[in-house]
Amino acid sequence: MVKIKVVVCIKQVPGTTDIHIDPQTNTLVREGVENIINPFDNYALEEGVRLKEKSEEISQTVALTMGPPQAEQILKDALSVGMDEAVLLSDREFAGADTWATAVTLAAAVKKIGDAGLVIFGKQTLDGDTGQVGPEFAQRMHMPFIGYVSKICKLDRKSIQAERLMEHGYEIIEAQLPAAISVVKDINEPRVPSLRGKMKAKKMEIPVWDRHHIGLDAEQVGLSGSFTQVVKVFTPQSKHEVMMLEGSTAEQVEKLFGKLKQLNVVQGA
Amino acid sequence: MNYFLTEEQRMIVDICKEITEKKIKPVRAELDQNQVFPSEIIQEIGNADLFRLFIPEEYEGMGTGIFEVCLATEELSRGDLSVATSYAASGLGFLPILISGNKQQKEKYLPLLASGQKLAAFGLTEPEAGSDAGAIQTKAVLEGDYYVLNGTKQWITNGGEADIYTIFAMTDPKKGSRGASAFIVKKGTEGFDFGKKEDKMGIRASATRELIFNNCKIPKENMIGREGMGFLVAMKTLDQSRPAVGSQGVGLAQGALEEALAYAKVRKQFSNTISSFQAIRHMLADMATQIEAARNLVYYAAKAIDSGQKDISRLSAMSKVFASDMAMQVTTDAVQIFGGYGYMKEYPAEKMMRDAKILQIYEGTNQIQRDVIALDLVKKGF
């Protein structure tokens, strides 16, 4: 049996909380915003690199992302922390993909990469925040899926045993490979890139695959391959009024009491 | 300001910045308080290839110059001087091997130090030999294939944490400083023990310990250079390492200025932020100007060394003395800008001020540096 590859799927997200939505298209305004690896995906990358360092069963680690040409930068970042290879899925036709179209596209790419024994996702993204791509990908690939993994207990060429974080405790789940997992922050402490890694990443040419490379039809990808569409994105209007009280504790109590009295919530001197 | 860095130099700074922001800043106060050696951070620094910088490629290093080491040290010092000191002290420990060691010694030790798996330490200072380094009393006596070491080294940075020590001892006490030799001593060698760990004013997370040699037998081949060359090896090492101490001052001061500036922009008195007051603004302006001046002197000294310039003692001493005096002043001013809060351990300013003081003392006090500068000046002019 051949050694397995570990594929880590990552996404570029705006490296700021100060985001703006284009009112016409309801999508993120990306101009002038520095992009970073989705924070949860850093844990996925670290786990991929650690598995390769620890295990003889793994032939290669591959970082995969779908995005505009600039998303090459996060793949370079993935290479600098120790991933062996990277692939960028970029095509105008991929634009506007919802989670399903994204999962379909990633699945086609993972098939093309070949020999993927384990596919790792971050538990969700900072921008889309759905947490759906991982499970949908596994569905599409007919792979078992273990979500919210906090520890990989065992991995060989045939199976994985992982501990997953639940609301009231942990579950230990075993699954046959190939499998997909999503990881949470507890799983590891991501390293900083190394100088050699950065220099290697700088030199490496990252292959860019479009729809034809991965053999999908136009109606399977991007907006046309999406079941859902974002109709409107808005910030809910706050109905609450917030007042910050300052000063010593005694002064704050005094101010609070005055305000409550003014609002007829309390009575007294 | 970009300081005309190459892409590789930029990468070094970026990596160190990430270590400072993500790994050092969140824990520095705790490390200082509990005097805990930052092993995990040092490991991270090793994994990031930063110990490889100055070591030649044939010994698994990256073959950069001192300038690159200064860039890394500066950025780590912006985060925490204990971490930067532990990092730089390993460099100080392996410089004698790099400068004067033979091929076998380099092959044996440098790859281990390049990867960061092992740390090095530099053992020169003794209770009775501080500025007067020629007065060391540790003796090394040749007996067959071994030198037998006896004596005590004091205030050795990375003491106990390092695996490889470069030790200076007298092989011929009659000859004074010309009778000193340098040796490589491994941790765990019989007759080599550690004394008390010092409780310090600043850089409290760094390890500072006594090294005790009691009939410690060292194989003859562990001598660095020839017998009697020890003092020369030490001086050559210090000439090359001083700009890195200067860069510690620059980084530390930069960190203090950043904290002071951020505070001045939010702290309100008389209904205005204190950054709007001329008294504070001029302090900030002076701090920034002094840092920039020191940085340029340090960079210049490092580049002079890297260009192969021979007479570097004066310039190297200038970069150390100016940058460390500057750091003391800037960190003191940072505490002043924080006012009462600056005196409290809640804010990082007081720690930075405590840390700064060591820079005027270690690797040659600033008084000794001025002696070096004056001697060269009087002897050679310009």
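Enquirer: Can you break down the environment of A:Met204 residue by residue, with the values?
Expert: Residue and element names in this part refer to chain A. Residue placement: Met204 occurs in the loop between helix H5 (195-203) and strand S11 (208-209). Each C-alpha atom, one on Met204 and one on Ala180, is 27 Å from the other, the two residues being 24 residues apart in sequence. Here Met204 is in contact with Lys76, Leu79, Asp84 and Glu85, once residues within four sequence places are set aside.

Enquirer: Account for the sheet that holds strand S5 (residues 85-89) of chain A, with residues named and values stated.
Expert: Residue and element names in this part refer to chain A. Pairing is mixed in the open sheet, where 9 strands are placed in the order S9-S8-S7-S10-S6-S1-S4-S5-S11. Every interior strand has two partners, whereas the edge strands, strand S9 (169-176) and S11, have only one. Contacts from helix H1 (residues 39-54) reach strand S1 (4-9), strand S4 (58-66), strand S6 (116-122), strand S7 (145-155) and strand S10 (179-183), with the element oriented near 150° to S6. Packed onto the sheet, helix H3 (residues 99-113) meets S1, S4, S5, S6 and S11 and runs at close to 150° relative to S4.

Enquirer: So what's going on with H1(A)? Residues and values would help.
Expert: Spanning 16 residues, H1(A) covers 23 Å between terminal C-alpha atoms, matching the ideal 22 Å at 1.5 Å per step. Within H1(A), burial applies to A:Phe40, A:Asp41, A:Tyr43, A:Ala44, A:Leu45, A:Glu46, A:Glu47, A:Gly48, A:Val49 and A:Leu51.

Enquirer: Give a detailed account of the pairing of strand S2 (residues 139-143) of chain B, specifying residues and quantitative values.
Expert: Residue and element names in this part refer to chain B. Relative to strand S3 (residues 146-157), S2 runs antiparallel, the two sharing 5 bridges. Following the sheet pairing, Leu142 is matched in S3 by Tyr147. The turn linking S2 back onto S3 is made up of 2 residues, and Gly144 within it adopts a positive phi angle of 65°.

Enquirer: I'd like a description of the packing of helix H1 (residues 7-24) of chain B against helix H3 (residues 39-47) of chain B, backed by residues and values.
Expert: All names here are of chain B. One can describe the packing of H1 onto H3 by two numbers: an axis separation of 11 Å at closest approach and a directional angle of 155°. By the criterion of interaxial angle, the relationship of H1 to H3 is roughly antiparallel. Along this stretch, H1 crosses H3, giving a crossing that reads as right-handed. For the pair formed by H1 and H3, the contact residues are Ile19, Lys23 and Ile24 on the first element and Ile41, Glu44 and Ile45 on the second. Per-class residue counts for the contact of H1 with H3 are 4 nonpolar, no polar and 2 charged.

Cut-offs applied
- Residues numbered from 1 in each chain as written.
- Chains lettered and ligands numbered in written order.
- Predicted model: local features only at pLDDT ≥ 70, side-chain atom pairs only at ≥ 80, totals over all residues.
- Heavy atoms only, no water.
- Helix = DSSP H or I, 4+ residues; strand = E, 2+ residues; numbered from the N terminus.
- Contact = heavy atoms within 4.5 Å.
- Pairing = 2+ DSSP bridges.
- Axes fitted to C-alpha atoms, helices over the stretch in contact; angles between N-to-C directions.
- Expected span 1.5 Å × (residues − 1).
- Buried < 20%, exposed > 50% of the residue type's maximum accessible area, 1.4 Å probe, protein only.
- Parallel < 35°, antiparallel > 145°, perpendicular 65-115°, else oblique.
- Left-handed = near helix turned anticlockwise from the far one by under 90°.
- Nonpolar A, V, L, I, M, F, W, Y, C, P; charged D, E, K, R; others polar.

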